[in-house]
Each structure stands twice: as structure tokens, then as C-alpha cells.
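Single-letter residue listing:
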Amino acid sequence: MANSIYAAININSNDLSMKIYEISKQYGIRELTHVRRKLSLFTETYRKEFISYQTVSEICSTLNDFKRIMAGFDVDSEQVYVTSELRETQNSFVVIDQIKVQTGFKVKVISNSEARFLYYKALTLETNVFNLLTHDTTLLVDIDAGSVQLSIFQSGKLTATQNLRLGSARIRELLIVVQEEAYDFNALIDEYIEKDLVLFKRLYLNNIEIHHIIVIGEMIPDIYYYLKSQNPDFDGHVSKKLLNRKKLPKELFSGSEKAALFLPTVLICRKISRLTSCDDLSMSCIDLSDGMSADFAEKKVKFKLGHDFVQDILSSAEHIAQKYKSDMNHIENVQTLALQIFDRIRKLHGLGKRERLLLQISVILHSCGTYINELQSRECSYRIIMSTEIIGISHKERAIIANVVRYNKDSFPDYTELADEFTREDYITIVKLNAILKTANVLDKSNRQKIKNVGVALEDGILTITADTMADITLEKGLFHDKANVFQEVFGIRPILRQKRTGR
């Protein structure tokens, strides 16, 4: 595809937004237009956990208006994303169905980790900002209506991330009832957000000096352009003087309902700056639509974003494993073996690059539960994975990983036991990845890395795995039989383990 006219439509807590881009390998990503309509979705989802018929009608009417605008730009590709606020409502399936029936748009509900990852991709479009992530120790602060995502980057790698329920609209909804009674409303918000942020600092920022803070999120573009209107030279860098002012400009927080969300957003920024002792804070005006365009350009137009995002996902998983004191030498060895098997039996499993990534993450996290309870390590690993966000991995993908790990030793359950959560296709993927993990894991059962490289050959219905090692692998050979039975049940061929002693 030489170029594309792409529409990114985003239904979020505060508005319904559409950006249209021209995307090409030669000229990159160019925004053509941006339209949006105010939408107070968070108020309904937070107070009632239900989206009213009136709001659904408003959404559909606006989307149909967007369709007419798209026709004028000859849009050839579009995507409609909605963030997790919709998924948490009681009538989410009805809303999505009505949007499809009334507008023809197919809506994708993205998880928190997927949305944050798209924002991260959008930062590649701002070279000067993205360079901070890839060079110095930087804290990326992503503030939306419901929560704050705090991500630490060191030496160009994502080393830790944590989601806190401190979104701007959530804080407003919680504290608005006491606003009139509060002597100092700013101090009240400051007190409310302090506990979670102090805990984050204690858990993740010990002995880490933050050099830069980059702030992104739903409200940030509006704040950015307000500050720009006050000072035409404003480039996103927030001065130490503004951060430390006892009283913030009243004009910033008066007037529209949206402006009422500015206050908690700015106070979160100020509190984080003070806790980290970092005065170098920059706001970026990118939004989710920009992230959608970057993702589309990378996947569909094969546009190079200049950064390996897969490595960030793997780095995040590795730091989770390290947090739970996993044996990283064992993990590295099993990962090498698992990927060798995966790559050499592609015609048997028919899986792609994304499933290969899920296998890698499964290997990295397969023993993290040992930290909690060695006797129930697989169940504990499952709970850890399901409770821990991995930026760039969807909720369903995380559930797939968790179940691959959960049944690493036990026999795999029948589909009926997992049918409520997975499709048959998902189930088959889990079974295949689980069989490969079991096979690779048993090759390093002693955790001594006796087998570091294998040759895989398929002939006459037999998969021969040849281990080139001088070590005694009697233990591995003895335990390999059971795993070979599982592998044969899944792939229809029987693996056998042979040893070759070349001393290499």
C-alpha cells in the first residue's frame, strides 16, 4: 500500500474524536483534519455503570456525521476504538451492537494496557520527546479520566509500569460533593492522591533518579493549548515556577465542565514532580488517535517508527519475573529452546508472530509464582499474570499467557471448562503454546542449562530433538517421555530426544 487516507475515531470519557491522516512511506503521517464532540461518558459509567439510550443516540448521530466528513476526504481505512470505560458498563454489548446497526462502524474495545501502548507509540511522532525515553531515566505519566499509568524507562527500556486509580474525572466525582465544604480544595485533592503516589515511589523509585517527566493523556492537549494561548513560546516544558506556585491560575479551572478536570490533572503532575524531585516536566499534546495512526502505519503501510516495541513488551515481562525472583538463567535457556522448537515446526502449528511473542512472555513468567508458594507455583503464577498489566498486551492475550503457564505441568482441561472466556481458536492456541512450553521446560528441568541448543528435524511422523551437549542429561531424557505424549496429542507427531556430543 503506497499511501492511505486513514480515519482514527476515538470514543473516550470526555469526547468523541476523529482525526483523518494521510499516511505514506515516503512522507510519513500527516494530519488532515480533527473534529470532536463533547461527551460526558465517564459520569454515566462511574455513577450508574450504565450508558443511557440518549447518550447512545448522541454517539451514533455524531458517528454518522463523521462518516459524511470521511467521504469528503476519500477515506479508505478507518478504525473506531473505545477505552475500557465502556467495557465496564452493564450494557456494553448493547451499545456496541447499536453503534454497528445505526452507523455500520465496528467498534473495538481496547484494554487499559493497549490504550497506554498506543499513546507510547504516538510519542515516536515527536522525536524530541521520544528521545528522552530512549536516553535518560524518564517517568512517563499517562493521565486519563479513570486512572494514571506511571511507566519508568531506563537506558531506552521500559523497566516498570503501574496503574493507579487516580484519574482526573474519578477524583472530581469522588470529591465534588465536599468541594463547597473544603477550606482548601487543592489541598484536599493533594491529600487524596498522595498515598498512592508515595507507595509507588517506595516500590518502584528506590535508588532511581528521575531525570525527565513526560506527561500525556486525555486532558493534556487542552491544558497544553491553553498554556500555549497564554504564552506563544510555550513548547510543552512546564517551568519550575508554575509547578511550585501555591495558587494555580483560576482561569485554567473555571468555565466549562472539561476545565474542571484540569485541576486534578495539574495537581497530579505537581505532586509527582515534588515526590521525584524532578523539575524537568514536559507535556505532550499527542492523543489516542495519534497512537492509532502510528499503529496503523506500522502494521498496514509498513511504515518504520524507528523503535522496537516488541522489546519493550519483553523488557516489561522480564522485570516482572525479576520482581518475583525468578531464575533468569533458566528462563533465558527455556526461551531459547522454546523459540527454536516454535520456529522449526511452523508448518505444524500454523501460528504467527503474535503467538510467538505470547510464547516468549509465557516462558518469562512461567515460574514467577514460586516466589509465593512453590507447591502451588503454577496457580500463583496464573494469579500474578492476571493481576499484572503488561503494556502492549491485551486483556485476552494476558489471559492466554496465564493459562499457558497455569497448566505447564498438569493435564490440559477440556474446552468446556474455558469456553466462557475463550473461543475455540483461542483454546487451540493456548494448547499449542502450552505443549511447546512443556517440551522446552523439561529440557532444562534441573535448571542447570545443560542443553542450550537443539536441532529439530521432522521425518516420517517423528520429530527428533537433538541436544548437542557433553553433560549428563539422564534426568531430562527420563522426564521427556510424558511431555512427548502431550506434544503428540496436540501436533499429531511424536518427539524424541537424542544426544549428540560434539563439545561445541
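Residues numbered from 1 in each chain as written. Predicted model: local features only at pLDDT ≥ 70, side-chain atom pairs only at ≥ 80, totals over all residues. Heavy atoms only, no water.

K.L.:
What am I meant to see in the packing of helix H17 (residues 377-387) against helix H18 (residues 395-406) here?
P.N.:
Relative placement of two packed helices is described by the angle separating their axes and the distance separating the axes. Between H17 and H18, the least distance of the axes is 8 Å, while the angle of their chain directions is 170 degrees. Classified by the angle between their axes, H17 and H18 sit roughly antiparallel to one another. Contacts between H17 and H18 involve Arg378, Glu379, Ser381, Tyr382, Arg383, Ile385, Met386 and Ser387 from the first element and His395, Arg398, Ala399, Ile401, Ala402, Asn403, Val405 and Arg406 from the second. Residue composition of the contact of H17 with H18, by class: seven nonpolar, four polar and five charged. (Axes fitted to C-alpha atoms, helices over the stretch in contact; angles between N-to-C directions. Helix = DSSP H or I, 4+ residues; strand = E, 2+ residues; numbered from the N terminus. Parallel < 35°, antiparallel > 145°, perpendicular 65-115°, else oblique. Contact = heavy atoms within 4.5 Å. Nonpolar A, V, L, I, M, F, W, Y, C, P; charged D, E, K, R; others polar.)

K.L.:
Looking at this structure, how should I read the pairing of strand S3 (residues 28-38)?
P.N.:
Remember that side chains alternate between the two faces of the sheet whenever the strand is regular. Where strand S2 (residues 15-24) lies against S3, ten bridges are found, and the strand directions are antiparallel. From the neighbouring strand, leucine 16 faces S3, where its bridge partner is arginine 37. Counted along the chain from S2 to the antiparallel partner S3, the turn is three residues long. (Pairing = 2+ DSSP bridges.)

K.L.:
I tried to follow the side chain of aspartate 444 on my own but got confused; where do I start?
P.N.:
Relative to the helices and strands, aspartate 444 is located in the loop between helix H19 (424-442) and strand S12 (454-459). Within the structure, aspartate 444 has its side chain in polar contact with the side chain of histidine 330 (distance 2.7 Å). For aspartate 444, the residues in contact, after removing those within four places along its chain, are His330, Asn333, Val334, Gln449 and Lys450. (Polar contact = N/O pair within 3.5 Å; in protein donor to acceptor, adjacent residues only side chain to side chain.)

K.L.:
Help me out: how do you make sense of the side chain of glutamine 340 in this one?
P.N.:
By the element assignment, glutamine 340 lies in helix H14 (residues 328-344). Glutamine 340 sits in the buried class, given a relative accessible area of 11%. Setting aside anything within four residues of it in sequence, one finds glutamine 340 in contact with Asn453 and Val454. (Buried < 20%, exposed > 50% of the residue type's maximum accessible area, 1.4 Å probe, protein only.)

K.L.:
Which parts of the structure should I look at to understand helix H8 (residues 185-204)?
P.N.:
Owing to its 3.6 residues per turn, the α-helix brings residues three or four apart onto one side. Between its first and last C-alpha, H8 extends 29 Å over 20 residues, near the 28 Å set by a 1.5 Å rise per residue. At glutamate 194, H8 is bent by approximately 40 degrees, the largest bend along its length. Taken residue by residue, H8 has Phe185, Asn186, Ile189, Asp190, Ile193, Leu197, Phe200 and Tyr204 as its buried positions. (Expected span 1.5 Å × (residues − 1). Bend = angle between axes of the 7 residues up to and from the residue.)

K.L.:
I'm lost on the state of the cysteines in this one. Help?
P.N.:
A covalent bond between the sulfur atoms of two cysteines is referred to as a disulfide. Evaluated as defined, the whole model comprises zero disulfides. Of all cysteine sulfurs, the one in cysteine 278 lies closest to cysteine 269, which takes part in no disulfide; the gap is 12 Å. (Disulfide = S-S within 2.5 Å.)

K.L.:
Would you mind showing me how to read the sheet that holds S12 here?
P.N.:
In sheet architecture, strand pairing relies on hydrogen bonds along the backbone and comes in two forms, parallel and antiparallel. Strand order in the open sheet formed by three strands is S12-S13-S14, with mixed pairing between adjacent strands. Both edges of this open sheet fall to S12 and strand S14 (494-500), since each of them pairs with a single strand only. Neighbour-to-neighbour, the strand axes of the sheet open up by a mean angle of 20 degrees, direction not taken into account. Two strands pair when backbone bridges link them, and strand S13 (residues 462-468) and S14 are joined in this way by seven bridges, in the parallel orientation. Paired with threonine 464 across the bridge in S14 is isoleucine 496. The strands touched by helix H20 (residues 474-491) within the sheet are S13 and S14, with S14 carrying the most contacts at an inclination of about 150 degrees.

K.L.:
I keep staring at the nonpolar core and nothing clicks. Help me out?
P.N.:
A general trend in soluble globular proteins is that nonpolar side chains are found buried together. With 92 residues, the main nonpolar core has Ile361, Leu365 and Leu443 as its most contacted residues. Considering every element that reaches this core, the biggest residue donor is H19, with nine residues. When neighbours within four sequence positions are excluded, leucine 365 is seen to be in contact with Ala317, Ile320, Ala321, Ser381, Ile385, Ile390 and Val405. Counting residues in each nonpolar core, the second largest holds 43 residues, with Leu150, Ala169, Leu197 and Val238 among its members. (Core = buried A, V, L, I, M, F, W, Y, C linked by side-chain atoms within 4.5 Å.)

K.L.:
Looking at this structure, how should I read the pattern of salt bridges?
P.N.:
Pairs can form between side chains of opposite charge whenever their charged atoms are close. Counted under the stated rule, the structure contains 22 salt bridges. With a closest N to O distance of 2.9 Å, lysine 271 and aspartate 190 form a salt bridge. With lysine 271 in helix H11 (residues 262-276) and aspartate 190 in helix H8, this residue pair connects regions lying 81 residues apart in the sequence. Accessibility expressed as a relative area gives 9% for lysine 271, which makes it buried. Through salt bridges with shared partners, a single ionic network connects Lys19, Glu31, Asp287 and Asp290. (Salt bridge = Lys/Arg side-chain N within 4 Å of Asp/Glu carboxyl O.)

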